[in-house]
Amino acid sequence: MSSDEGKFDQVLFTLAEQHPGGVPDLLATIAGFLNRKTDFYTGGDKGEWEKLVLKIFRKEAEIAQEVARKKREEREAAERRRAVARRKKEEEERLQQEQQSAAITELTDAEAEKMQQEIAAQKSKEESKPVTEATPDADEKKDDDEEPEDKGKLKPNQGNGCDLEKYTWTQTLQELELRVPFDVKFTLKAKDVVVNIQRKSLKVGLKGHPPVIDGELHADVKMEESLWHLDKNTVVVTLDKINQMNWWDRLVVTDPPINTRKINPESSKLSDLDGQTRGMVEKMMFDQRQKEMGLPTSDEQKKQDVLKKFMQQHPEMDFSKCKFT
């Protein structure tokens, strides 16, 4: 680029600003000036002016294309660097996740079902034990075994939900099913009931009567995925949870809470869960089984593995008199 190549830029910018039609109008003005004030079109051989114009514009086009090519290559190189960085980060996160779950052997559906049966058999065995002479403080001792925050909470029903006076609900990690029966002498139709599902609230009842449910939900739901239908004279509402990692301890905030510590994770089909949720449920089941057998949980195993590795790396240290918890 010559040192005086851009010395007319300011003049040309000023000229261009006065052409609302943009480049075509600007070129037309320049072409008209050459026609009126010079012999540009007639002073040379036939077609000479056209060759000159093409030569000049093609030269500038080549320069512009080369600059654009370099910028494009720089953008692509930057994008490749970002992609490599993303893949590296994803690989590090994957390896970290594998290390965190190394203590847990992934269960197949058959293995999970077997584990569920073993846990259920163990519970059934404990429940079927004959009641011997109970000491006066037996109930008090049972209450003392519960966590303080769990006292007074209802026991979940078989569907991990709650049976209340006017309705019943069950749940999996993904969704919640509510059943509201109505004692009427005629067959209900959709026009007879009121069901309003919102992201954070729910209303269910008969038209012209006070609603059975009208309040704020325990957690947010996906409105577009939630639905309801009539099963004879029972309104059945299916709510799709947004947070599919936690159990609900109540339907609406005014309901009495259930003890989610007594929920059986095996009530959900592992094959229906996404990878992350399935991993969490498998960990819960694994830890539950380990505790029942008096063995360390996955977290305790990881701590033991870290300690064992540390001891191997430092054989010069004497751990014989150390106590670890």
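Conventions used here
Counting of residues starts from 1 at the beginning of each chain's written sequence and follows it residue by residue. In view of the model being predicted, local features appear only for residues whose pLDDT reaches at least 70, and side-chain atom pairs are presented and counted only at 80 or more, with totals across whole chains, interfaces and linings using the full set of residues. Only heavy atoms go into the side-chain values, all of them from the structure, while hydrogens and water stay out. UniProt positions are given in the numbering used here, feature names are shortened, and annotations may be inferred rather than shown by experiment. A score from 0 to 100, pLDDT tells how confident the predictor is in each residue. Every residue pair with non-hydrogen atoms within 4.5 Å of one another is taken to be in contact. The pairing test for Phe, Tyr and Trp rings, Trp by its six-membered ring, is centres within 6.5 Å, and the orientation test on the planes gives stacked under 30 degrees, edge-to-face over 60, and tilted for anything in between. Only protein chains enter the accessibility calculation, which uses a 1.4 Å probe; a residue whose area is less than 20% of its type maximum is buried, one above 50% is exposed, and one in between is partly exposed. Throughout this description, the term salt bridge denotes a Lys or Arg side-chain nitrogen within 4 Å of a carboxyl oxygen of Asp or Glu.

The name given to the protein chain in an unreviewed UniProt entry is Nuclear migration protein nudC, with Aedes aegypti as the source organism. Its UniProt record gives the protein chain the following Function (unreviewed entry) comment, quoted word for word: "Plays a role in neurogenesis and neuronal migration. Necessary for correct formation of mitotic spindles and chromosome separation during mitosis. Necessary for cytokinesis and cell proliferation." Its UniProt record gives the protein chain the following Sequence similarities (unreviewed entry) comment, quoted word for word: "Belongs to the nudC family."

A. The confidence of the model for the protein chain, seen in detail. Per-residue confidence for the protein chain gives a mean pLDDT of 80, with 76% of residues at or over 70. In this model residues 131–144 is a low-confidence stretch, pLDDT under 50, and it forms two contacts with partners more than four residues away in sequence or in other chains.

B. Structural detail: the packing of aromatic side chains. Going through the model one piece at a time under the given rule, you end up with three aromatic pairs. With a centroid separation of 5.1 Å and 80° between ring planes, the pair formed by phenylalanine 40 and tyrosine 41 is classed as edge-to-face. A relative accessible area of 29% places tyrosine 41 in the partly exposed class. An aromatic cluster of three or more residues is present, and its members are Phe40, Tyr41 and Trp49.

C. Structural context of the pattern of salt bridges. Applying the stated criterion to the full structure yields eleven salt bridges. Residues arginine 86 and glutamate 79 are paired through a salt bridge, measuring 3.3 Å at the closest nitrogen-oxygen approach. The exposure class of glutamate 79 is partly exposed, given its relative accessible area of 36%. Salt bridges here are not isolated pairs; linked through shared partners, they connect Glu66, Arg69 and Glu73.

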